[in-house]
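Chain residues, written in single-letter form:
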Amino acid sequence: MNLSNHPAFVAYAITCVALCCNLIFLWAYSGAVRSKAESTPNPEDASRFSSRLADVDPPEIARVLRAHANAQATIVPFLALGLVYVLAGGPPGAAAWYFTVFTVARWLHSWAYLGSRQPLRTVCFVVAAISLLALVLHVLWLLIAAG
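As a convention, each chain's residues are numbered from 1 in the sequence order in which they are written. Side-chain atom pairs in this predicted model are given and counted only at pLDDT of 80 or more, local residue features only at pLDDT of at least 70, and totals for whole chains, interfaces and linings cover all residues. As a rule here, side-chain values cover all heavy atoms of the structure and leave hydrogens and water aside.

Engineer: Sorry, what's going on with the packing of helix α1 (residues 7–37) against helix α4 (residues 92–114) here?
Structural biologist: As a packed pair, α1 and α4 sit with axes 8 Å apart at the nearest point and diverge in direction by 10°. Classified by the interaxial angle, the pair formed by α1 and α4 is roughly parallel. The residues of α4 that touch α1, namely those facing Pro 7, Ala 8, Ala 11, Tyr 12, Thr 15, Ala 18, Leu 19, Cys 21, Asn 22, Phe 25, Leu 26 and Tyr 29, are Pro 92, Ala 95, Phe 99, Phe 102, Thr 103, Arg 106, Trp 107, Ser 110 and Leu 114. In this count, Pro and Cys sit with the nonpolar residues alongside Ala, Val, Leu, Ile, Met, Phe, Trp and Tyr, while Asp, Glu, Lys and Arg are called charged and the others, Gly among them, polar. By residue class, the composition of the contact of α1 with α4 is 16 nonpolar, 4 polar and 1 charged. Orientation is described by lines fitted to C-alpha atoms, with helices fitted over the stretch in contact, and by angles between N-to-C directions that extend from 0 to 180 degrees. A run of H or I in DSSP becomes a helix once it reaches four residues, and a run of E becomes a strand once it reaches two; helices and strands are each numbered from the N terminus. Our angle categories are set so that under 35 degrees counts as roughly parallel, over 145 as roughly antiparallel, 65 to 115 as roughly perpendicular, and the remainder as oblique. Every residue pair with non-hydrogen atoms within 4.5 Å of one another is taken to be in contact.

Structural data, given as structure tokens:
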């Protein structure tokens with residue numbers, strides 16, 4: 001089976017790239033915010049970069065780290081389930097919907113989280129969670145039907 005020609009796999013691959021870019025952006029942004037705040041929890045970094053040593057991250061750094069942790073907590077299971085969905089023969093049309101809705105909701109959630117935008121942050125979180133739950137149920141259905 002050549003997955004590169006399968007529409008559901010192509011949608012999954014594009015989703016992987018977009019969601020990994022979301023994580024990479026948050027990772028890099030956390031470093032930029034930490035650099036701007038001139039604060040670090042590591043003694044070797046404090047001496048090397050003339051930063052102040054801090055046991056607790058300042059609020060602006062903590063916010064980015066929470067956004068990153070939140071993204072990781074939902075993106076990793078989604079990518080695993082998305083792959084199972086494709087390998088189980090999930091229909092490409094539904095794949096496009098699950099993958100697009102989740103990806104857009106995650107990117108918007110990160111943007112809303114970093115900008116302290118409520119209720120958009122909660123709405124995006126709920127949309128992503130519903131998409132994830134729908135994917136779980138569809139994967140279960142595919143596996144039960146195949147078994």
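Engineer: Whenever I open this one, α4 confuses me. Can you help?
Structural biologist: Note that an α-helix has 3.6 residues per turn; residues three or four places apart therefore point the same way. A helix's residues, less one, multiplied by 1.5 Å, set its expected span. The end-to-end C-alpha distance of α4 is 33 Å, a good match for the 33 Å that 23 residues give at a rise of 1.5 Å each. Burial classes: relative accessible area under 20% of the type maximum marks a residue as buried, over 50% as exposed, and values in between as partly exposed (1.4 Å probe, protein chains only). Among all positions of α4, only Ala 95, Tyr 98, Phe 99, Phe 102, Thr 103, Ala 105, Arg 106, His 109, Ser 110, Ala 112 and Tyr 113 are buried. Those residues of α4 that are buried lie in contact with α1, α3 (59–87) and α5 (120–146). The first or second residue beyond α4 is Ser 116, which carries a positive phi of 55°.

Engineer: Help me out: how do you make sense of the nonpolar core in this one?
Structural biologist: Considering soluble globular proteins, one finds that nonpolar side chains tend to be buried as a cluster. If you look at the biggest cluster of nonpolar residues, it comprises 25 residues, and the most contacted ones within it are Ile 75, Phe 78, Tyr 85, Phe 99 and Phe 102. Among the elements of the structure, α1, α3, α4 and α5 are those that each provide at least two residues to this core. Phe 102 has contacts with Leu 19, Thr 74, Ile 75, Phe 78, Ala 128, Ser 131 and Leu 132, leaving out every residue within four places of it along the chain. Among buried residues, those of type Ala, Val, Leu, Ile, Met, Phe, Trp, Tyr and Cys that are joined through side-chain atoms within 4.5 Å constitute a nonpolar core.

Engineer: Would you explain the pattern of salt bridges in this entry?
Structural biologist: Any two side chains of opposite charge can pair, so long as their charged atoms come close to each other. Any carboxyl oxygen of Asp or Glu that lies within 4 Å of a side-chain nitrogen of Lys or Arg is treated as forming a salt bridge with it. Using the criterion set out here, one finds 1 salt bridge in the structure. Among the ionic pairs, Arg 34 bridges to Asp 57, the shortest N-O distance being 2.9 Å. A residue pair is termed long-range when its members are at least 10 positions apart, and Arg 34 in helix α1 and Asp 57 in the loop between β2 (52–53) and α3 qualify at 23 residues.

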